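Read off the chains here:
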Amino acid sequence: TGTVYTLAFAPAMAAERIGCQYLLASSSDDGIAMHGSLKLWDWQSGQCLKTLEHPAQVWSTAWHPDGCCLASAAQDGKVRLWDAATGECTRVIDAHLKEARNVSWSPDGSWLATCSLDETVKLWDPQTGECLKILKAKRPYDGMNITGATGLTPAQKSTLLTLGAIDLNRCL
């Protein structure tokens with residue numbers, strides 16, 4: 001079955017849609033590199049009810065508050081929405097430039113929040129897949145121009161660049 005990475009208990013309404021009393025979603029790599037799956041479990045009986053194939057490793061799952069769907073955040077930077085009853089992937093959001101590490105619904109289910117190794121938090125309209133807001137903390141040296149600076153060791157220069165400084169002579 002591979003390594004299990006995430007778990008999410010479903011709201012009671014999701015379990016009812018599937019036809020069981022106790023529903024749990026898990027994600028695992030199934031022993032295949034760069035591939036994952038979501039499994040929906042009746043945790044009382046121990047039965048796997050559905051396996052949802054995923055083209056990338058899933059790092060986070062979250063149930064919509066009313067149980068209608070499940071969101072997943074994955075290694076490929078994408079967020080997928082899954083219909084709870086059918087297991088069908090209903091939307092793929094090209095969310096981040098790097099791995100999408102976490103996903104969470106707003107309490108009323110009208111917004112979806114994601115975060116990533118690209119150092120952003122993004123808020124989404126799950127109906128349209130539109131990014132509504134990007135949150136990014138300012139780094140200590142954001143925008144500091146160190147082009148042509150002297151007296152810096154390569155390690156110091158590298159650290160400043162990591163912390164947001166810019167070098168206009170640096171090839172990107």
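What you are looking at is a predicted structure, and each value in this text was computed from that prediction instead of being measured.

Draft legend 1. The arrangement of the sheet that holds strand E3 (residues 36–42) in detail. Overall, antiparallel pairing links the four strands, which are arranged E1-E2-E3-E4 in an open sheet. For this open sheet the edge positions go to strand E1 (4–9) and strand E4 (47–54), each flanked by a neighbour on one side alone. Taking each pair of neighbouring strands and ignoring which way they run, the sheet shows an average axis angle of 20°. Of the pairings in the sheet, the one linking strand E2 (residues 23–28) to E3 comprises six bridges and is antiparallel in character. What sits directly across from Ser-28, in E3, is Ser-37.

Draft legend 2. Local environment of the nonpolar core. One finds Leu-23, Leu-38, Leu-40, Trp-63 and Leu-70 to be the most contacted residues of the largest nonpolar core, which totals 16 residues. No other element matches the three residues that helix H1 (residues 12–18) contributes to this core. Grouped together as the second largest cluster of nonpolar side chains are 13 residues, Ala-62, Val-79, Trp-105 and Leu-112 included.

Draft legend 3. Broad picture of the pairing of strand E6 (residues 69–74). The buried count for E6 comes to six of six residues, which makes it a mostly enclosed element. Of the two faces of E6, the one holding Cys-69, Ala-71 and Ala-73 and the one holding Leu-70, Ser-72 and Ala-74 are both buried throughout. In the sheet, strand E5 (residues 58–63) pairs with E6 via five bridges, with the strands oriented antiparallel. In the strand pairing of E6, Thr-61 is matched with Ser-72. Connecting E5 to the antiparallel partner E6 that follows it, the hairpin turn spans five residues, and Gly-67 within it adopts a positive phi of roughly 80°.

About the thresholds
Within every chain, residues take consecutive numbers counted from 1 along the sequence as written. Restriction of local features to residues with pLDDT of at least 70 applies here, the model being predicted, together with a cutoff of 80 or more for giving and counting side-chain atom pairs; totals for whole chains, interfaces and linings are based on all residues. Heavy atoms throughout the structure, all of them, feed into the side-chain values; hydrogens and water do not. Pairing between two strands is assigned when DSSP locates at least 2 bridges connecting them. Think of it this way: any DSSP run of H or I at least four residues long counts as a helix, any run of E at least two long counts as a strand, and we number them from the N terminus. Each axis is a line fitted through C-alpha atoms, taken for helices only over the stretch in contact, and angles between the N-to-C directions span 0 to 180 degrees. Nonpolar cores are built from buried Ala, Val, Leu, Ile, Met, Phe, Trp, Tyr and Cys residues. Side-chain atoms within 4.5 Å join them into one set. With a 1.4 Å probe rolled over the protein chains alone, any residue whose accessible area is under 20% of its type maximum counts as buried; one over 50% counts as exposed, and the rest are partly exposed.

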